[in-house]
Amino acid sequence: MAHVELSLSDVFVPAARTPTEHGFGNFEQWSTTVSRALEPCLLIDVETKVAAVSASGCELLCLGTPDELIGLPLLDGGLRLLDFTANRCELTEQEVDKIPPLLALSSGRLARGLLRVQAACADAPDATVDAISTPVLADGVVAGSLTFFSEV
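Presented here is an overview of the structure given in this document. (Residues numbered from 1 in each chain as written. Predicted model: local features only at pLDDT ≥ 70, side-chain atom pairs only at ≥ 80, totals over all residues. Heavy atoms only, no water.)

1. Some points on the pattern of salt bridges
Stage number 1. The tally for this structure, following the rule as stated, stands at four salt bridges.
Stage number 2. Three or more residues are tied together by salt bridges with common partners; here these are R88, R116 and D126. (Salt bridge = Lys/Arg side-chain N within 4 Å of Asp/Glu carboxyl O.)

2. Comments concerning the pairing of strand β1 (residues 41-45)
Within a regular beta strand, the side chains point alternately toward one face of the sheet and then the other, so they alternate between its two faces.
Stage number 1. Of all five residues in β1, five are buried, a share of seventy percent or more.
Stage number 2. Of the two faces of β1, both are covered, the one formed by C41, L43 and D45 as well as the one formed by L42 and I44.
Stage number 3. In this sheet, strand β6 (residues 141-151) lies alongside β1 in antiparallel orientation, the contact comprising five bridges. Bridging across to β6, L43 finds its partner in L146.
Stage number 4. Pairing geometry for β1 and strand β2 (residues 50-53), over three bridges, is antiparallel. The residue of β2 that forms the bridge with L42 is V53.
Stage number 5. In textbook terms, the turn of a hairpin is the stretch between consecutive antiparallel strands, and for β1 and β2 this stretch comprises four residues, one of which, T48, has a positive phi near 65°. (Buried < 20%, exposed > 50% of the residue type's maximum accessible area, 1.4 Å probe, protein only. Helix = DSSP H or I, 4+ residues; strand = E, 2+ residues; numbered from the N terminus. Pairing = 2+ DSSP bridges.)

Next up, the structure:
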């Protein structure tokens, strides 16, 4: 027969969080985290400008280097999204508004979807990525969106 023994111990109470440095809020913390991340990820601000992107994110999305993208609008920074038809047409403006990073901004909710990214080289295959986005809040208001990517 199995024997089970239980014991009681003092309750662990975590230490109070240290306040963030003045002028260094939630959005800035995510920016620092994304720029250092090994995972493919991207942070855009409320104006859809790239605030931070990981090096692996640039590689997966067929973009340049993180330093080249910071401050550029997401879609003007070289990201070319294609539809899933055989014709490989660029997405229309209405379709672009529904991609996860932008949908998380506009809805203030989690968003997920597949993206087809045009390769930088003409002879390279396009990349299909799964994108999961969440809004990033600052003072209770959507200040940007954080997106993680995974190659499909």
